[in-house]
Amino acid sequence: TNCGEWYYLNGNINGTLSFTAPATLGNYNFRMFSNDSMTLIATSNTIAVNATTPILTTITIAPASATINVNATVQLTATCRDQNTNIMTCPTLSWASLNASIATVNPSGLVTGKIGGLANITASASGKTSNYSAITVICPALACSLTII
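Just so it is clear, the structure is predicted and the values come from calculations on it, not from any experiment.

The subject of this paragraph is the overall build of the protein. Secondary structure assignment for the protein yields zero helices and 16 strands. In the protein, buried positions account for 27% of the 149 residues. Relative to all contacts within the protein whose residues are 6 or more apart in sequence, the contacts with residues 24 or more apart total 47%. Accessible surface, the protein as shown: approximately 9500 Å² in total, 53% of it carbon and sulfur.

What follows is the structure in structure tokens.
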């Protein structure tokens, strides 16, 4: 019985035929040689190493909640994950306030308090919408006035 060791032509491979894909995309073949490294015993089929295009599956924004004063701001950040739950670069996000009279959000996720209350903020892209970030806007004493007529 020939005892063989696998040699990967362009990198490393172990005897169980598992290998780490090379950084260079393309087609690769493997050959098994005898212990003396002289006799070719087997050659693999061609194995194509291709890039997988990440597909946006979830958007999570943080913080999940915040409390700010009227006219103050809080920066929200988004984390995007692909079909393999890997963090990926977010595509251009559309930020939205579900109550813009209480808090607005700019295209970079910066939230500004307008009047006291609660506003939920979301980010969306590629048909996916994030969790809500619950922004409570408070009016500190003497900063807001009530006019009674």
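Read on for the rest.
This next bit is on the side chain of Thr122. Tracing the chain through its elements places Thr122 in strand 14 (residues 117-125). What makes Thr122 buried here is its relative accessible area of 8%. Residues within four places of Thr122 in sequence aside, it is in contact with Ile61, Ser94, Trp95, Ala96, Thr129, Ser130, Asn131 and Tyr132.

Turning to the pairing of strand 6 (residues 58-62), a few remarks are in order. Here strand 6 shows a buried face lined by Ile59 and Ile61 and an unburied face lined by Thr58, Thr60 and Ala62. One ladder, built from five bridges, connects strand 6 with strand 9 (residues 77-81); its direction is antiparallel. Across the sheet, the residue bridging to Ile59 is Cys80, located in strand 9.

Turning our attention to the environment of Thr112. Tracing the sequence through the fold places Thr112 in strand 13 (residues 110-113). The exposure class assigned to Thr112 is buried, which follows from its relative accessible area of 19%. Taking the C-alpha atoms as reference points, Thr112 and Thr73, 39 residues apart in sequence, are found 4.4 Å from one another. Aside from chain neighbours lying at most four places away, what touches Thr112 is Ile68, Asn71, Ala72, Thr73, Ile102, Ala103 and Thr104.

Two orientations exist for strands paired in a sheet by backbone hydrogen bonds: parallel and antiparallel. The strand order across the open sheet formed by three strands is 8-13-12, and the pairing between neighbours is antiparallel. The open sheet terminates on both sides in strands that have one partner only, identified here as strand 8 (73-75) and strand 12 (103-105). Pairwise comparison of adjacent strand axes, ignoring direction, gives a mean angle of 20° for this sheet.

Attention shifts here to the sheet that holds strand 10 (residues 87-88). Taken in spatial order, the three strands of this open sheet run 6-9-10, and their pairing is antiparallel. Strands at the two margins of the open sheet, each flanked by one partner only, are strand 6 and strand 10.

Glancing now at the confidence of the model for the protein. Averaged over all residues, the pLDDT of the protein is 80; the fraction at 70 or higher stands at 61%. Considering only residues more than four positions removed or in separate chains, one finds that residues 1-14, a stretch of pLDDT under 50, has 30 contacts.

Of all hydrophobic cores here, the largest spans 22 residues; its most connected members are Trp95, Val111 and Ile135. Among the elements of the structure, strand 6, strand 7 (65-69), strand 12, strand 14 and strand 16 (133-138) are those that each provide at least two residues to this core. Here the element with the most residues in this core is strand 14; it accounts for four residues. Not counting the four nearest positions on each side in its chain, Trp95 is found in contact with Ile61, Leu76, Thr77, Ala78, Val105, Asn106, Pro107, Ser108, Gly109, Ile121, Thr122 and Ala123.

Turning our attention to unusual backbone geometry. Cis geometry marks the peptide bond from Ala62 to Pro63; its omega dihedral reads 0°. For Pro63, the position within the fold is in the loop between strand 6 and strand 7. Phi is positive for Ser126, which is not a glycine, with a value near 50°. Overall, Ser126 belongs to the exposed group, its relative accessible area being 60%.

Cut-offs used in this document
Residues numbered from 1 in each chain as written. Predicted model: local features only at pLDDT ≥ 70, side-chain atom pairs only at ≥ 80, totals over all residues. Heavy atoms only, no water. Helix = DSSP H or I, 4+ residues; strand = E, 2+ residues; numbered from the N terminus. Buried < 20%, exposed > 50% of the residue type's maximum accessible area, 1.4 Å probe, protein only. Contact = heavy atoms within 4.5 Å. Areas by Shrake-Rupley, 256 points an atom, 1.4 Å probe, with all protein chains shown as cover. Pairing = 2+ DSSP bridges. Axes fitted to C-alpha atoms, helices over the stretch in contact; angles between N-to-C directions. pLDDT = per-residue confidence, 0-100. Core = buried A, V, L, I, M, F, W, Y, C linked by side-chain atoms within 4.5 Å.

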